[in-house]
Amino acid sequence: MATVDTAPAEPHAPPTPPRSCTPPVQRPPAAAVPGQPGSADAPGQAPAATLIGSVQRAMRLLETVAAHEYGAPAKQLARETGLALPTTYHLLRTLVHEGYLRREKGLFFLGDAAERLSSSGAQQKRRSTVADTLAHWRDSIGVPLYYAMYRDGEIEVICVSDSRETPAVEEWADFRETGHAHAIGQCLLSQLDEDARRDHLARYPVQSITPYTVRDNHALLRRLARMPRMEPVVERQEYALGTVCAAIPITIGATAATMALSLPSHQSDRLLPAAHQLQTEIGRHLGSLALSISI
């Protein structure tokens, strides 16, 4: 079950993460080569002369197999796709060899390669959902937003949503190694148990980033232990001078996650109101976002 938490009102600020979850740019359909037959096909459609029939037939077979949860024999697949039986056998053997299908007792099922394609597509859709949601909140709240998780012992920024008017913080020091100095890292560490926190700090000990950075591991551990669960974690110029940040703790099952925002320090009076607005939005939509933000 996913829940929204929040942690202490301590200073903190997130940098521009290494990557965003903006969906990949979709390439337009292949264009016809000038002078090639079929170049007059309708706009947005690949000219018939450029299509590869065997690929079309193989894809038709894959779609037909996918429609049979309990598998289907070659003769049935040939009948349903309208393909000649010899052609069907040839394509099925090729697809089995490449791992897109598997054969059991004369029946054909989707193979591991096809399942991986499906899984990748679902993950891309989830990332797109998170990116779209962050962009909406970025525009409505008027701040750059960040989504991050603590995964496999590392702080990982999954998405960043900013704009020319609301730029993200520049990542000038490795984000994973400086979790003690920014709101995202402090928020994620606050959701771990003490052993996990100490393990993280053994690998990434506290270091001075700015004059406002927490002094040492012990001071950070004391701060994390005092953080209330239902308040945003706040950081002021600990990671980047001139920047303040707040992070909202999100618990997805056993996974620690957070959504955060940053502002120039001269707008620090907006920080907590914006953080509470973000927290309200997360709480309102967390049910529908729970699967997506687990990415």
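These numbers come from a predicted model, not from an experiment. (Residues numbered from 1 in each chain as written. Predicted model: local features only at pLDDT ≥ 70, side-chain atom pairs only at ≥ 80, totals over all residues. Heavy atoms only, no water.)

A. Broad picture of the overall build of the chain. Along its length, the chain carries eight helices and eight strands. Of all 295 residues assigned to the chain, the portion counted as buried reaches 45%. If you take every contact in the chain between residues at least 6 apart in sequence, the share linking residues at least 24 apart comes to 68%. Carbon and sulfur atoms provide 52% of the accessible area of the chain, an area that totals close to 15,500 Å². (Helix = DSSP H or I, 4+ residues; strand = E, 2+ residues; numbered from the N terminus. Buried < 20%, exposed > 50% of the residue type's maximum accessible area, 1.4 Å probe, protein only. Contact = heavy atoms within 4.5 Å. Areas by Shrake-Rupley, 256 points an atom, 1.4 Å probe, with all protein chains shown as cover.)

B. Region of the structure containing the packing of aromatic side chains. In total, this model carries two aromatic pairs according to the counting rule given. On the basis of an interplanar angle of 75° and a centroid distance of 6.3 Å, the ring pair of Phe-175 and Tyr-239 is categorised as edge-to-face. Of this pair, Phe-175 sits in the loop between β5 (154-161) and α5 (183-190) while Tyr-239 sits in the loop between β6 (233-236) and β7 (243-252); the two residues are 64 residues apart in sequence, bridging distant segments of the chain. For Phe-175, a relative accessible area of 2% corresponds to the buried category. A network of ring pairs unites the aromatic residues Trp-172, Phe-175 and Tyr-239 as a single cluster. (Phe/Tyr/Trp six-rings, centres within 6.5 Å; stacked < 30°, edge-to-face > 60°.)

C. Structural view of the packing of helix α6 (residues 194-203) against helix α7 (residues 217-226). Two numbers describe how α6 lies on α7: the axes approach to 11 Å, and their chain directions differ by 150°. Here α6 lies roughly antiparallel to α7, going by the angle between them. For the pair α6 and α7, the sense of crossing is right-handed. Residue-level inspection shows Arg-197, Arg-198 and Leu-201 of α6 in contact with α7, the latter providing Asn-217, Leu-220, Leu-221, Leu-224 and Ala-225. Counted by class, the contact of α6 with α7 contains five nonpolar, one polar and two charged residues. (Axes fitted to C-alpha atoms, helices over the stretch in contact; angles between N-to-C directions. Parallel < 35°, antiparallel > 145°, perpendicular 65-115°, else oblique. Left-handed = near helix turned anticlockwise from the far one by under 90°. Nonpolar A, V, L, I, M, F, W, Y, C, P; charged D, E, K, R; others polar.)

D. Fine view of a nonpolar patch on the surface. The grouping of Ile-52, Val-55 and Met-59 at the surface amounts to a nonpolar patch, some 280 Å² of accessible area in total. Looking at the secondary structure, you find Ile-52 in the loop between β1 (2-4) and α1 (53-66). (Patch = residues over 30% accessible without salt bridge, like charges linked within 9 Å, V, L, I, M, F, W, Y side chains within 5 Å. Salt bridge = Lys/Arg side-chain N within 4 Å of Asp/Glu carboxyl O.)

E. Just the pairing of strand β2 (residues 101-104), in detail. Of the strand pairs in this sheet, β2 and strand β3 (residues 107-110) are connected by four bridges, and their pairing is antiparallel. Looking at β3, one finds that Arg-102 is bridged to Phe-109. Joining the antiparallel neighbours β2 and β3 is a turn of two residues, in which Lys-105 adopts a positive phi near 50°. (Pairing = 2+ DSSP bridges.)

F. Broad picture of the pattern of salt bridges. Under the criterion given, the structure shown has nine salt bridges. Between Arg-138 and Asp-139 there is a salt bridge, and its shortest N-O distance comes to 2.9 Å. Look at Arg-138 and you get buried, because its relative accessible area is 15%. Asp-199 is the partner of Arg-203 in a salt bridge, and the nearest nitrogen-oxygen pair spans 3.1 Å. With Arg-203 and Asp-199 both in helix α6 and four residues apart, this pair spans about one turn of that helix. The exposure class of Arg-203 is partly exposed, given its relative accessible area of 35%. Where salt bridges share partners, they join Glu-154, Asp-199 and Arg-203 into one cluster.

G. Inspection of the layout of surface pockets at higher detail. Of the volumes computed, that of the second largest pocket is approximately 150 Å³. In terms of lining, the second largest pocket is formed by 14 residues, of which the most central are Pro-144, Pro-167, Ser-262, Leu-263 and Pro-264. In terms of residue count, the dominant contributor to the lining of the second largest pocket is strand β8 (residues 255-264) (three residues). Among the residues forming the lining of the second largest pocket, the class breakdown is six nonpolar, six polar and two charged. (1 Å grid on protein atoms, 1.4 Å probe; cavity = no way out; pocket = protein on both sides within 12 Å on 5 of 7 lines; lining within 4 Å. Points joined across faces, edges and corners; volume = space filled by probe spheres on them.)

H. Just the environment of His-180, in detail. Along the chain, His-180 falls in the loop between β5 and α5. Considered as a pair, His-180 and Glu-238 are 58 residues apart in the sequence and their alpha carbons are 8.8 Å apart. Residues contacting His-180, with those up to four places away along its chain left out, are Gln-186, Pro-205, Val-206, Gln-207, Ile-209, Thr-213, Val-214, Leu-220 and Glu-238.

I. Structural context of the confidence of the model for the chain. The pLDDT averaged across the chain works out to 82; a share of 76% of its residues lies at or above 70. Here residues 22-43 is a poorly scored stretch, pLDDT under 50, and it has 20 contacts once near neighbours within four places are set aside; other chains count. (pLDDT = per-residue confidence, 0-100.)

J. Seen up close, the nonpolar core. Tyr-146, Tyr-150, Ile-184, Leu-188, Leu-220 and Tyr-239 are the most contacted members of the largest nonpolar core, which totals 33 residues. Every element with two or more residues in this core is listed here: β4 (145-151), β5, α5, α7, β7 and β8. The dominant element in this core, judged by the number of residues it contributes, is α5, at five residues. Residues within four places of Leu-220 in sequence aside, it is in contact with His-180, Gln-186, Leu-189, Leu-201, Val-206 and Val-214. Of all hydrophobic cores here, the second largest spans 26 residues; its members include Leu-145, Ile-158, Cys-159 and Ala-274. (Core = buried A, V, L, I, M, F, W, Y, C linked by side-chain atoms within 4.5 Å.)

K. Representation of α6. Those residues of α6 that sit buried are Arg-197, His-200 and Leu-201. Viewed along the axis of α6, the buried residues span an arc of 95°, placing them on a single side of the element. Exposed positions of α6 whose direction lies more than 90 degrees from the buried face are Asp-195 and Ala-202. Each element contacted by the buried residues of α6 is listed here: β4, β5, α5 and α7. Where α6 begins, the side chain of Asp-193 points an oxygen toward the backbone nitrogen of Asp-195, at a separation of 3.2 Å. (Arc of directions from axis to C-beta. Polar contact = N/O pair within 3.5 Å; in protein donor to acceptor, adjacent residues only side chain to side chain.)

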